[in-house]
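If you want the building blocks of each chain, they are given just below.
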Amino acid sequence: MALEIVWTRRAQAGYARIIEYLETHFTEKEIRDFVRQSYEFFELLGQYPEMLAGTKKQKHVHRGPINKHTILTYRIRPRKGQIELINVRSSRQRPLKRQ
């Protein structure tokens, strides 16, 4: 059974910033490809919630790449049957700190 994907405001804002960047620097086709690729990834994440590396400091929090340029941080909420997307950001902003 797939877990429900829930977006936080921070994740929504980060995803919107990435889309805005793509709109100013890339074509409509690349934007559509990014959106399609993202949602395919989220569907897969719902099926396999622990597919990205977990953090050492926080239980049930995972972090890793959606693609070469986008990093996702999310929390698995097993009792609620949800995956809470905490943050979506460009990997070009600043590198990840290892936790």
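Below is a summary of the structure that appears in this document. (Residues numbered from 1 in each chain as written. Predicted model: local features only at pLDDT ≥ 70, side-chain atom pairs only at ≥ 80, totals over all residues. Heavy atoms only, no water.)

**Side note on the overall build of the chain**
Our working definition: Secondary structure elements are taken from DSSP: a helix is a run of H or I of four residues or more, a strand is a run of E of two residues or more, and numbering for both begins at the N terminus. Radius of gyration: C-alpha atoms only; globule rule: 2.2 Å multiplied by the number of residues to the exponent 0.38. Any residue under 20% of the maximum accessible area for its type is buried, any over 50% is exposed, and the rest in between are partly exposed; the area is computed with a 1.4 Å probe on protein chains only. Contacts are assigned to residue pairs that have any heavy atoms within 4.5 Å of one another. Values of accessible area rely on a 1.4 Å probe in the Shrake-Rupley scheme; residue burial ignores everything except the protein chains shown. Positive charges come from Lys and Arg, negative ones from Asp and Glu, while His and the chain ends are left out of the count. Every charge is mapped to an atom, namely NZ of Lys, CZ of Arg, CG of Asp or CD of Glu.
When helices and strands are tallied, the chain shows 2 helices and 5 strands. Overall, the chain shows an N-to-C arrangement of helices and strands of β-α-α-β-β-β-β. Computed over the C-alpha atoms, the radius of gyration of the chain is 14 Å, within 12% of the 13 Å expected from 2.2 N^0.38 for a compact globule of 99 residues. Viewed in the frame of its principal axes, the chain has a C-alpha envelope of about 40 × 30 × 20 Å. The buried share of the chain, reckoned over its 99 residues, is 38%. Within the chain, counting contacts between residues at least 6 apart in sequence, those at least 24 apart form 47% of the total. Here the chain has roughly 7000 Å² of accessible surface; of this, 50% comes from carbon and sulfur atoms. Taking the 20 positively charged and 10 negatively charged side chains of the chain as two groups, their mean positions are separated by 13 Å.

**Some words on the environment of Leu-3**
Looking at where Leu-3 falls in the secondary structure, it is placed in the segment before strand 1 (4–7). Counting along the chain gives 75 residues from Leu-3 to Pro-78, while the straight-line C-alpha distance between them is 8.4 Å. Residues within four places of Leu-3 in sequence aside, it is in contact with Gly-46, Pro-49, Ile-76, Gly-81, Gln-82 and Ile-83.

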